[in-house]
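# Breakdown of the fold
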Amino acid sequence: MSVSMQEMANAVRFLAVDALVRAKDGHPGTPTGAADIATTLFTRHLKFDPKKPRWPDRDRFVQSNGHGSMLIYALLHLSGYEAMGIDQIKNFRVLGSNTPGHPEYEPDHGVEVTTGPLGQGIANAVGMAVAEQMLNEMFGGDIVHHYTYALVGDGCLMEGVAHEVISLAGNLRLGRLIWLYDDNQMTDDGTVGQAISEDYMQRFACAGWHVQECDGHDHDAISAAIEAAKKDPRPSMIRCRTLIGFGVPRIQNDRAAHGGKLSEDDAKAARERLGWSYDPFVVPDEVYAEWRKAGEAGAAERAAWENRVAAMEPAKRAEFQRLMQGRLPDGWEKSLLDYQKEQVEEQPERAGIRTSGEISRVLSHAIPELVGGAPDLEAATQHKRDMRPFTAQDRGGRYIHYGVREHAMGSMINGMLAHGGVVPFGTTFLVFSDYMRHAIRLSAMMSLPAIWVFSHDSVGIGTNGPTHQPVECLASLRAIPNLNVFRPADPVEAAECWALAVSERGMPSALTFSRQAVPTLRREYAEENLCVRGAYVLAEADGGAEARRATLLATGSEVSLVMEARGQLQAEGIPTAVVSMPCWEYFDAQDADYKAHVLGKGTIRVAVEAAVRLGWERYIGEDGGFVGMSSFGASGSPKDVFRHFGITVEAIVGEVKARL
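Calculation notes
- Residues numbered from 1 in each chain as written.
- Predicted model: local features only at pLDDT ≥ 70, side-chain atom pairs only at ≥ 80, totals over all residues.
- Heavy atoms only, no water.
- Pairing = 2+ DSSP bridges.
- Helix = DSSP H or I, 4+ residues; strand = E, 2+ residues; numbered from the N terminus.
- Axes fitted to C-alpha atoms, helices over the stretch in contact; angles between N-to-C directions.
- Contact = heavy atoms within 4.5 Å.
- 1 Å grid on protein atoms, 1.4 Å probe; cavity = no way out; pocket = protein on both sides within 12 Å on 5 of 7 lines; lining within 4 Å.
- Points joined across faces, edges and corners; volume = space filled by probe spheres on them.
- Nonpolar A, V, L, I, M, F, W, Y, C, P; charged D, E, K, R; others polar.
- Disulfide = S-S within 2.5 Å.
- Buried < 20%, exposed > 50% of the residue type's maximum accessible area, 1.4 Å probe, protein only.

### Examining the sheet that holds strand S9 (residues 370-374)
Strand order in the open sheet made by the six strands is S10-S9-S11-S12-S14-S13, with parallel pairing throughout. Among the strands making up the open sheet, the edge pair consists of strand S10 (399-401) and strand S13 (484-486). Going from strand to strand, the sheet's axes swing by 20° on average, the running direction of each strand aside. Inspection of the sheet shows S9 paired to strand S11 (residues 423-429) by two bridges, in the parallel sense. Paired with Val 371 across the strands is Pro 424, a residue of S11. The strands touched by helix H18 (residues 406-419) within the sheet are S9, S10, S11 and strand S12 (451-455), with S11 carrying the most contacts at an inclination of about 165°.

### Structural notes on empty space enclosed by the protein
Enumeration according to the criterion identifies four cavities of 30 Å³ or more in this entry. Put simply, the largest cavity is a space of about 100 Å³. Together, Phe 42, Leu 46, Phe 48, Pro 53, Arg 58, Asp 59, Arg 60, Phe 61, Leu 76, Tyr 81, Gly 110 and Glu 112 line the largest cavity. Here the lining of the largest cavity is composed, by residue class, of seven nonpolar, one polar and four charged. If you add up the space inside the second largest cavity, you get close to 80 Å³. Around the second largest cavity, the lining comprises 14 residues; the ones closest to its centre are Gly 352, Pro 488, Phe 513, Ser 514 and Val 518. Tallied by class, the residues present in the lining of the second largest cavity amount to six nonpolar, six polar and two charged.

### Overview of the state of the cysteines
For the structure on display, the rule yields zero disulfides. Sulfur of Cys 156: no disulfide; nearest cysteine sulfur belongs to Cys 240 and is 14 Å away. Looking at Cys 156, the relative accessible area reads 0%, which means it is buried. With no disulfide of its own, Cys 531 lies closest to Cys 497 among cysteine sulfurs, the gap being 3.9 Å.

### Some points on unusual backbone geometry
Look at Gln 185: it is not a glycine, yet its phi comes out positive at around 60°. On the secondary structure map, Gln 185 appears in the loop between strand S3 (177-183) and strand S4 (186-187). Of note, Asn 482 is a non-glycine position whose phi angle comes to about 65°, a positive value. If you trace the backbone, Asn 482 turns up in the loop between helix H20 (473-478) and S13. Using a relative accessible area of 30% as the deciding quantity, one classes Asn 482 as partly exposed.

### Regarding the sheet that holds strand S19 (residues 604-612)
Sheet architecture is open: five strands sit in the order S16-S18-S17-S19-S20, paired in mixed fashion. The open sheet has two free edges, formed respectively by strand S16 (536-539) and strand S20 (625-629), since each of these has just one partner strand. Each adjacent strand pair in this sheet contributes to an overall mean axis angle of 25°, direction not counted. In terms of strand pairing, strand S17 (residues 550-554) meets strand S18 (residues 576-580) through five bridges, oriented parallel. The residue bridging Thr 551 from the neighbouring strand is Ala 577, located in S18. The sheet strands contacting helix H22 (residues 558-571) are S16, S17, S18 and S19, and the helix crosses S18 at an angle near 170°.

What follows is the structure, given as structure tokens:
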């Protein structure tokens, strides 16, 4: 008995409908309306193997409209992913299940990225396509040649990040990027005409995309469009016209389909409309068998690919396997240690962001998969150095000119990391981290080792004024769980913090640097990374810890300021220690005895940071002093601005004396 494509798509629909009815929550519109698109893709085009879900050369599928998550869960279940058994479908939105409300990154389950905040998934997909092209250039098409598909809805295309990545993907001619636009003309508020009137076909075409239209419920038409897209050297957008809530009479082609709850009566009416006579969560064996054929076809392709990998020249194969495992090259740290030694010997005084740029140059030679980039700030941040740009003409480049597109940069970096094989970092001004906040937050949520490099980190940038002086941004970043925030004080700490960020493969890092020059504070070279403990005593009080009466805590450029204040306090007979705190998150992970020793239990504590006080209370206590910002900044020279806001040696000394 042959199984029709309509029956296969209806299996997707009714697994979704039944799960939504049981959960009494969820979004029925996408899994019912886009089932035909997704079924066609998975059964006729997508290259994957459910038994080996992390196969490096698999096609990537991103459901960007993550609110309709029962679509991808049903697809993965029917295709044979072990982690998506029928019990997981029944436990949709239940705590601890593999089927949460929005898809959450877990490649072993077949979920390539966390989606939900609209626009993020399509931007991730662009990053994946970039990574694929870079690796294809390195290892050739026999080893790396796969497509990145994204299912996208109207909400994703309305988000600002969509405009950014559509433009950049077209400029880069990412020919193995294919977006399937579920064009149902409906959002949560109603018809899309309430809010938009542009022609998407022209919009994409103007950006350099290959564009097509088809009936989103005609499997042959969808398949033909995908086939044509795969042959075109440009990125492709296929506009698939669909009915939201397809097959569910009460909500079909209605705004209620977006996030409205389904009842048992809705499920019954849909079964009658579509001729699906099976009980809830029941899929006929012959339909399951037809679905599993797609995965079996992928298994054969994967086996042939493994034979090609085995036939590679041994050194090349070892390099490919290293990249796929996410391991850094042996000995990559040596060049960084050599750089640190040079800084101690030369004692330079330079801008923190310039030092960071020098470190990125050193690392780019030690780590061939390091990929840099900035949103039109290459001159200001100086992290391009020896890297060639990645362009439509040169896939061997490792520096991406994102244009003025911070949001795109952040989301694409997440996509590159989720794809694997590259170690990307992105550089911009700290105040622009808010443009990237969703991307930074999601990197932490997915435990992706993104490296966010931020310049112009305080009111010390001076004359640019308060719009560019990020007084609140450090506190904002520190509030994000599973994100390390580094603010190194000098070139040696900068190298140590970079080393920690690069070696940390299970969570993201934010490295923040000054625009203004800072002196080298370390006087002796040591291979031990002092920043690994988050905070350390840079200068102990005369007479040792037992004699200490005051403890000055600071980060970044303000550490040199408290060193001056310590000298004055010591001269006045007040034994004072200086603690550099480059990373609160690392320090919080230390044992109680170490933290007590560093903070100086029973001493007067004063914290100094050219930012808001928020968060410092847990280190200085209720009675501790703080020298920093309590308002937005002002335009003026760095020295004048620091003096205007009282971030001075005199103010620090005064805070200590007031507590004697």
